[in-house]
Amino acid sequence: MIRILSRHLLAGLLMGAALLLLSPGAANAIDTLAKQALVVDYDTGSVLFDKNADDQIHPASMTKLMTLYILFDQLKQGKLKLDDTFRVSQNAWGHGINDESNMFLPLDSTVRIEDLIRGIAIQSGNDACKVVAEGIAGSEEAFVKLMNKKAQEIGLLHSHFENSDGLESPGHMMTARDILTLAERVYADFPEYYHYFGEKEFTFNNIKQGNRNPLLYKDIGVDGLKTGHLTVSGFGLVASAKQGDRRIFMVAHGMTSMQSRSDEATKLIEWAFQSFQNVKLAKAGDQLEQAPVWYGQADAVALTVAKDLVVTLPADATGAVDYVQ
């Protein structure tokens, strides 16, 4: 028998000592061409795959998740509304007349915030990021300070931002772990806005553009989030996928082509769903143990879990689950 100590169960039981007993089982091994990769089960927090996830990397357009996080936060607080508009400055417009990814915003026009969200989430518009940064903070420099402050608040301990769109800058760095954490926070903190990442196309200024996330066009449950590419760092992708009752988040970075990015990300997602399963150990309110009480009105109190207790196990793990003191 294999004994695995569950930190989730210990947290729920406080004083309890629970051991999970199950028959041997191991997930199928996998490797990837990605230089950095991380795959996590969202509900349990279990790390299913980790390859150099703490390396400092240039996040490219995956940076835009932080720009949108701050914008979503402003919307949720009621400081902004989807129908509010921001003006397109000369600085922001300048990023829409070169070969960068953009949504082709007209100079000196006013653009609805909801259109800017789609322009960033779907079209990866650098011009849209500049407009949002200036509209919220007055300048991109001031907005970057908000980005770095928010990064510390939400636990991105190895990230430093120098712009709103992810264009190459020497000190603009993240890790795959921080990118995944940011993606999870976008999903968890702003579910009302998450759907924008799954929209496959957007037309603005009479120009239709498709979503740059290739996984949205595959039948593997992906509903977000963001691609990125810089010559200095290669092709990257942060994605989330849901199959049945399970959701996973995945980052793959450092591939050498768009095709490799799509293939490697697909492989990791399919492996995560096929090689692991989530097992419910206890339902909310189940009594798992009795804790002795000294000098109290009762000799013992019941120890329960406030919510369903679920763990991620290899798909071929079998056998009954028991608790022992």
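Residues numbered from 1 in each chain as written. Predicted model: local features only at pLDDT ≥ 70, side-chain atom pairs only at ≥ 80, totals over all residues. Heavy atoms only, no water.

It is worth spelling out the overall build of the protein chain at this point. When you go through the protein chain residue by residue, the secondary structure sums to eight helices and 15 strands. For the protein chain, buried positions account for 52% of its 325 residues. Here the protein chain displays about 14,900 Å² of accessible surface, and carbon together with sulfur accounts for 51% of that area. (Helix = DSSP H or I, 4+ residues; strand = E, 2+ residues; numbered from the N terminus. Buried < 20%, exposed > 50% of the residue type's maximum accessible area, 1.4 Å probe, protein only. Areas by Shrake-Rupley, 256 points an atom, 1.4 Å probe, with all protein chains shown as cover.)

With that out of the way, let us pick up the side chain of Glu264. Within the element layout of this structure, Glu264 appears in helix α8 (residues 258–275). On the basis of relative accessible area, Glu264 is assigned to the buried category, the value being 7%. A polar contact is formed between the side chain of Glu264 and the side chain of Thr32, at a distance of 2.7 Å. Engagement of the side chain of Glu264 in a polar contact is seen with the side chain of Lys267, the distance being 3.2 Å. If sequence neighbours within four positions are ignored, Glu264 has contacts with Asp31, Thr32, Leu33, Ala34 and Met255. (Polar contact = N/O pair within 3.5 Å; in protein donor to acceptor, adjacent residues only side chain to side chain. Contact = heavy atoms within 4.5 Å.)

Time to look at the confidence of the model for the protein chain. Summing up the model confidence of the protein chain, the mean pLDDT is 89 and the portion of residues at 70 or higher is 88%. Overall, residues 1–25 carries pLDDT values under 50, and its contacts beyond four positions in sequence, including any with other chains, amount to 61 contacts. (pLDDT = per-residue confidence, 0-100.)

A word on the side chain of Thr67. You can see Thr67 is positioned in helix α2 (residues 64–76). Take Thr67: its relative accessible area is 0%, and that puts it in the buried class. Here Thr67 is in contact with Ile120, Cys129, Val132, Phe143, Met147 and Ser164, once residues within four sequence places are set aside.

Once that is clear, we can look at the packing of α2 against helix α6 (residues 140–153). When two helices pack together, their arrangement is given by the angle between their axes and by how far apart the axes lie. As a packed pair, α2 and α6 sit with axes 10 Å apart at the nearest point and diverge in direction by 90°. Comparing the axis directions of α2 and α6 gives the class roughly perpendicular. Residue-level inspection shows Met66, Thr67, Tyr69, Ile70 and Asp73 of α2 in contact with α6, the latter providing Phe143, Leu146, Met147, Lys150 and Ala151. In terms of residue class, the contact of α2 with α6 is made up of seven nonpolar, one polar and two charged. (Axes fitted to C-alpha atoms, helices over the stretch in contact; angles between N-to-C directions. Parallel < 35°, antiparallel > 145°, perpendicular 65-115°, else oblique. Nonpolar A, V, L, I, M, F, W, Y, C, P; charged D, E, K, R; others polar.)

All right, on to helix α4 (residues 113–121) then. Of all the nine residues making up α4, nine are buried; the element is thus mostly covered by neighbouring parts of the structure. Those residues of α4 hidden inside the fold are in contact with α2, β5 (85–87), β6 (110–112), α5 (126–137), β7 (201–204) and β9 (222–230).

As a further point, take unusual backbone geometry. For the bond running from Gly224 to Leu225, omega is 20°, close enough to zero to count as cis. Notably, Asp108 is not glycine yet its phi reads approximately 65°, a positive angle. Summarising the element assignment, Asp108 is placed in the loop between α3 (90–94) and β6. One non-glycine residue, Ser124, adopts positive backbone phi at about 55°. Here Ser124 lies in the loop between α4 and α5.

On to α6, then. Spanning 14 residues, α6 covers 20 Å between terminal C-alpha atoms, matching the ideal 20 Å at 1.5 Å per step. All of the buried residues along α6 are Glu140, Phe143, Val144, Met147, Asn148, Lys150 and Ala151. The buried residues of α6 occupy an angular sector of 165° when the element is viewed end-on, so they sit on one face. Opposite the buried face of α6, at more than 90 degrees from it, the exposed residues are Glu141, Lys145 and Lys149. Gly155 lies just past α6 and shows a positive phi near 90°. (Expected span 1.5 Å × (residues − 1). Arc of directions from axis to C-beta.)

Moving on: the pairing of β7. Side chains Phe202 and Phe204 of β7 all project onto a buried face; the interleaved residues Glu201 and Thr203 project onto a face where none is buried. Examined bridge by bridge, β7 and strand β8 (residues 207–210) share four bridges and lie antiparallel to one another. Paired with Phe204 across the strands is Ile207, a residue of β8. Taken together, β7 and the strand that follows it, β8, pair antiparallel across an intervening segment of two residues, in which Asn205 is found at a positive phi of about 55°. (Pairing = 2+ DSSP bridges.)

The subject of this paragraph is the nonpolar core. Among the nonpolar cores identified, the biggest contains 57 residues, and Met66, Leu71, Phe72, Leu105, Leu116, Leu182 and Phe197 are the most heavily contacted of them. Every residue in contact with Leu182, bar those within four places of it in the chain, is listed here: Leu65, Met66, Tyr69, Ile154, Leu156 and Met174. By size, the runner-up hydrophobic cluster in this structure holds 24 residues, among which are Phe49, Ala239, Met250 and Ala252. (Core = buried A, V, L, I, M, F, W, Y, C linked by side-chain atoms within 4.5 Å.)

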